[in-house]
Amino acid sequence: MSTGTDPTRGALHGLRVIDASTLFAGPMAAMHLGDMGADVVKVEHPTRPDPSRGHGVAKDGVNLWWKTLGRNKRTVTINLNGDGGREAFLRLASTADVVIENFRPGTLERWGLGPDVLLERNPRLVLARVTGFGQVGPMRSRPGFGTLAEAMSGFAATTGEPDGPPTLPPFGLADGVASLATAYAVMVALHARGVTGRGQVIDTAIIEPILAMLGPQITRWDQLHTVQPRTGNRSVNNAPRNTYRTADGRWVAVSTSAQSIAERVMRLVGRPELIDEPWFARGADRALHADVLDDAVGSWIAQRSRDDVIAAFEEAQAAVAPIYNADDIVADPQFRALGTIHGIDDDELGPMLMQGPLFRLSDNDGVIAHTGRTHGADTDAVLAELGYDAARIAELRGEGAV
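So, how was this worked out
- Per chain, residues are indexed from 1 in the order of the written sequence.
- Thresholds applied to this predicted model are a pLDDT of at least 70 for local features of residues and 80 or more for the giving and counting of side-chain atom pairs; totals over whole chains, interfaces and linings are not thresholded and use all residues.
- To obtain the side-chain values, all non-hydrogen atoms of the structure were included, while hydrogens and water were left out.
- Should DSSP find at least two bridges between two strands, the strands are regarded as paired.
- The numbering of helices and of strands both runs from the N terminus, where a helix is a DSSP run of H or I of at least 4 residues and a strand a run of E of at least 2.
- Simply put, an axis is a line fit to the C-alpha atoms, just over the touching stretch for a helix, and the angle between two N-to-C directions goes from 0 to 180 degrees.
- In this description, contact between two residues means that some pair of their heavy atoms is separated by no more than 4.5 Å.
- Each aromatic pair joins two rings of Phe, Tyr and Trp (for Trp, the six-membered one) with centres within 6.5 Å, and gets the label stacked for planes under 30 degrees apart, edge-to-face for over 60, and tilted for any other angle.
- Each residue is placed in one exposure class: buried if its accessible area under a 1.4 Å probe, protein chains only, is under 20% of its type's maximum, exposed if it is over 50%, and partly exposed if it falls in between.
- In this scheme, Lys NZ or Arg CZ marks a charge over a ring once it lies within 6 Å of the ring centre and within 35 degrees of the ring normal.
- Patch definition: residues above 30% relative accessible area lacking any salt bridge, with like charges linked at up to 9 Å and the nonpolar side chains Val, Leu, Ile, Met, Phe, Trp and Tyr linked at up to 5 Å.
- Areas reported here follow the Shrake-Rupley algorithm with a probe of radius 1.4 Å; residue values treat only the protein chains shown as occluding.
- By definition, a salt bridge exists where a carboxyl oxygen of Asp or Glu is found within 4 Å of a side-chain nitrogen of Lys or Arg.
- N or O atoms within 3.5 Å of each other form a polar contact, as long as, within protein, one can give a hydrogen and the other can take it, and as long as residues adjacent in sequence are counted only when both atoms are side-chain atoms.

Visitor: Could you give an account of the sheet that holds strand β10 (residues 242–245), with specific residues and numbers?
Guide: Sheets are built from strands that pair by backbone hydrogen bonding, the pairs being arranged parallel or antiparallel. Taken together, three strands build an open sheet; the order of strands is β10-β11-β12 and the sheet is antiparallel. In this open sheet, the two edge strands, each paired with only one partner strand, are β10 and β12 (320–322). Across the sheet, the mean angle from the axis of one strand to that of its neighbour is 30°, orientation sign disregarded. Relative to strand β11 (residues 251–254), β10 is paired through four bridges, and the arrangement is antiparallel. Considered in β11, the bridge of Asn 242 is made with Val 254. On top of the sheet, helix α14 (residues 306–315) reaches β11 and β12; it is set at about 20° to β11, its chief contact.

Visitor: I'd like a description of the packing of aromatic side chains, backed by residues and values.
Guide: As enumerated under the stated definition, the model contains four aromatic pairs in all. An angle of 40° between the planes, with centres 6.4 Å apart, marks the rings of Phe 24 and Trp 65 as tilted. One end of the pair, Phe 24, is in the loop between β2 (16–20) and α1 (25–35); the other, Trp 65, is in helix α2 (residues 65–69), and 41 residues separate them in sequence. Judged by its relative accessible area of 14%, Phe 24 is buried. Ring centres of Phe 103 and Trp 111 lie 4.9 Å apart, and the angle between their planes is 75°; this geometry places the pair in the edge-to-face category. Taking NZ or CZ as reference, Arg 91 lies 4.0 Å from the ring centre of Tyr 388, over its face. A cation over a ring is seen here: Arg 286 above Phe 280, with NZ or CZ 5.4 Å from the ring centre.

Visitor: Please provide a residue-by-residue account of a nonpolar patch on the surface, values included.
Guide: Side chains of Leu 180, Leu 358, Phe 359 and Leu 361 sit close together on the surface and give an oily, nonpolar patch of about 360 Å² of accessible area. On the accessibility criterion, Leu 180 (43% relative accessible area) is partly exposed.

Visitor: Residues and numbers for unusual backbone geometry, please.
Guide: Of the consecutive residues Ala 239 and Pro 240, the connecting peptide bond is found in the cis state with omega at 0°. Within the secondary structure, Pro 240 sits in the loop between α10 (217–224) and β10. Positive phi is not limited to glycine here, since Leu 23 has a value of about 60°. With a phi close to 50°, Asp 60 is a non-glycine residue in the positive phi region. Of note, Asp 60 is situated in the loop between β4 (58–59) and β5 (62–63).

Visitor: Requested: an account of the pairing of strand β6 (residues 73–77), with residues and values cited.
Guide: The buried count for β6 comes to five of five residues, which makes it a mostly enclosed element. As defined by bridge partners, strand β3 (residues 39–44) adjoins β6 across five bridges and the pair is classed as parallel. Looking at β6, one finds that Val 40 is bridged to Lys 73.

Visitor: Account for the pairing of β11, with residues named and values stated.
Guide: Here β11 shows a buried face lined by Val 252 and Val 254 and an unburied face lined by Trp 251 and Ala 253. When β11 meets β12, the two strands line up antiparallel, connected through three bridges. Residue Val 252 lies in a different strand from β12, and its bridge partner there is Pro 322.

Visitor: Any details on the side chain of Thr 75? Residues and values, ideally.
Guide: With respect to the helices, strands and loops of the structure, Thr 75 is situated in strand β6. Residue Thr 75 is classed as buried on the basis of its relative accessible area, which comes to 0%. A polar side-chain atom of Thr 75 sits 2.9 Å from the main-chain amide nitrogen of Ala 377. Excluding residues within four positions of it along the chain, Thr 75 makes contact with Lys 42, Glu 44, Arg 53, Trp 66, Arg 373, Thr 374, His 375, Gly 376, Ala 377, Asp 378 and Thr 379.

Visitor: Give me the lowdown on the pattern of salt bridges, citing residues and values where you can.
Guide: Enumeration over the complete set of coordinates arrives at 25 salt bridges. Put simply, Glu 263 and Arg 267 hold a salt bridge, and the shortest N to O gap is 4.0 Å. Residue Glu 263 and its partner Arg 267 are located together in helix α11 (residues 259–268), separated by four residues, close to a single helical turn. The class for Glu 263 is partly exposed, based on a relative accessible area of 22%. Across the pair Glu 395 and Arg 392 runs a salt bridge, and its minimum N-O distance is 3.0 Å. With Glu 395 and Arg 392 both in helix α18 (residues 390–399) and three residues apart, this pair spans about one turn of that helix. Glu 395 sits in the partly exposed class, given a relative accessible area of 44%. Relative accessible area serves as the criterion here: at 28%, Arg 392 is assigned to the partly exposed category. Taken together, the shared-partner salt bridges in this structure form one network comprising Arg 16, Asp 39, Arg 74 and Glu 385.

Here you go:
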């Protein structure tokens, strides 16, 4: 993948995206589009920047998550709740293919920037609305975050140890899944626009995409009237499947989703007789005997170093992976071969590493042209593109409109 090079190589070059959202799901969707070459303009309030700029760890007072989340975006400040800012935003939206926003339902309408107004000004616009609970329903106006989606989707209820509490992830899982769904929805709507010539409105509720990732829990409840229990690192579908500690104090994960892999693992750890047990022939039945299988695999792994375990599993063509921290990821030869980690020069902090775009294309590869920029860094340049002269920009700034 290209890093810090010409973004016109991107497959989405020529597409303009206005990111008027905050925190994670909307901005991450815009990041995905920007990675593939779209011209993304990040709109923030003049005095209240996107809260993601202050989320998580910082170096020398500079937020690090924003450097990734804001990459490939030009940053402008516009106060949408006022005449001057409203007109500036309408001008900007009239030049755009996509607007992504995540205000509470009714907020854009209250500002005179609802879908009817935006689509009247730009009938080809795709407006992606990303909220916790969607644009309709009894919870539509409540504040919504990914944590609530992780709770309501069933994720937390199925995660954790059997005798422990429901468990939430230590990162924005639901937001990340919703960002992918939103980016996908944008591309679907753009394809439809190519047929009809018209834009449309996308309604992404963060509680929904993660629900779709959790398998057949709804169908299971409907047909069997049962719910998936918490099983820790084990699976109800196969065994052995767990994390195991090696002799040198490291950890590996083993998966046996395929029957042939389960048999190879048992032969590798010196317990081939278990393969002949009647219950071994089905993954769900193996899961009922996870204690026996975990003991067999875990005791074998505990006597060997991580490197020796992985080498033996690879020779046996069984499925294993080391459990990594960030330093392991950066050093790993597979990630290096894929080009997963990108080095980029940041204007504030100098050289830095970050994960790159999600995939590779043979003809139009992804690009990280620059890291997340400072608040409002491109306001004057973008307003000038919209036809504002320096005097009018100064007036707008004096009014607090930009």
